[in-house]
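Here's the letter readout for the chains.
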Amino acid sequence: CLLFELLHGHPPFGGHGQALVQRVLKGHPEFDEACNQCSENAADLINLLLTRSAVARPTAGEALAHPWFADHAMEKPERLARREPRRIRGVALAGRPP
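Here the structure is a predicted model, which is why all the values come from computation and not from measurement.

Participant: When you look at the nonpolar core in this model, what are you seeing that I'm missing?
Facilitator: Among soluble globular proteins, nonpolar side chains are generally buried collectively. Within the largest apolar cluster, 10 residues are counted, these being Leu3, Phe4, Phe13, Cys38, Ala42, Leu45, Ile46, Leu50, Ala63 and Trp68. If you list the elements that add at least two residues to this core, you get helix H1 (2-8) and helix H3 (40-49). Counting residues per element, this core draws most heavily on H3, which supplies 3 residues.

Have a look at this one:
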């Protein structure tokens, strides 16, 4: 899970070959001491996203509705993109173009 790796700095399952396959099949991600620094909401979301059963795993919409995303909500990119062209039009080059 990319979110796990972004928050913890390593993949949720370590190892190579058959050892890696067994860890994934057991479904026990490798939480370490650094995981204690994550919020309860982050740990909950990661566990939901790493649910082995696809039926029990949340959809993208359900995951985005998780409280962890609400805690880190920012202005939507579409709103920012609408303002950027106005800023770009007002830019003037100094000197000759390369």
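Participant: Is there a simple way to explain the confidence of the model for the protein in this structure?
Facilitator: A low pLDDT score tells you not to read the predicted coordinates there in detail. Confidence in the prediction of the protein, expressed as mean pLDDT, is 76, and 68% of residues score 70 or more. Looking at the elements of the protein, mean pLDDT is at its lowest for helix H6 (residues 77-89), recorded as 55, and at its highest for helix H4 (residues 60-64), recorded as 90.

Participant: Help me understand the packing of aromatic side chains in this model?
Facilitator: Between two aromatic rings, the relevant description is the distance of the centres plus the angle of the planes. Taken as a whole and judged by the stated rule, the model has 1 aromatic pair. Judged by centre distance (5.1 Å) and plane angle (80°), the ring pair of Trp68 and Phe69 falls under edge-to-face. A relative accessible area of 12% means that Trp68 is categorised as buried. Of the residues examined, Phe69 reaches a relative accessible area of 30% and is grouped as partly exposed.

Here is what the cut-offs are and how they apply
Think of each chain on its own: its residues are numbered from 1, step by step along the sequence as written. Owing to the predicted nature of the model, reporting of local features is limited to residues with pLDDT of at least 70; listing and counting of side-chain atom pairs is limited to 80 or more, with chain, interface and lining totals taken over all residues. Side-chain numbers here rest on the full set of heavy atoms in the structure, without hydrogens or water. Here, the term nonpolar core denotes a set of buried Ala, Val, Leu, Ile, Met, Phe, Trp, Tyr and Cys residues that are joined through side-chain atoms within 4.5 Å. The cut-offs for exposure are 20% and 50% of the maximum accessible area for each residue type, with area from a 1.4 Å probe on protein chains only; residues under the lower value are buried, those over the upper are exposed, and the others partly exposed. In this text, helices come from DSSP runs of H or I with a minimum length of four residues, and strands from runs of E with a minimum of two, each type numbered from the N-terminal end. Every residue gets a pLDDT, meaning the predictor's confidence in that residue, from 0 to 100. Centres within 6.5 Å make a pair out of two Phe, Tyr or Trp rings, where for Trp the six-membered ring is used; the pair is then stacked when the planes are under 30 degrees apart, edge-to-face when over 60, and tilted otherwise.

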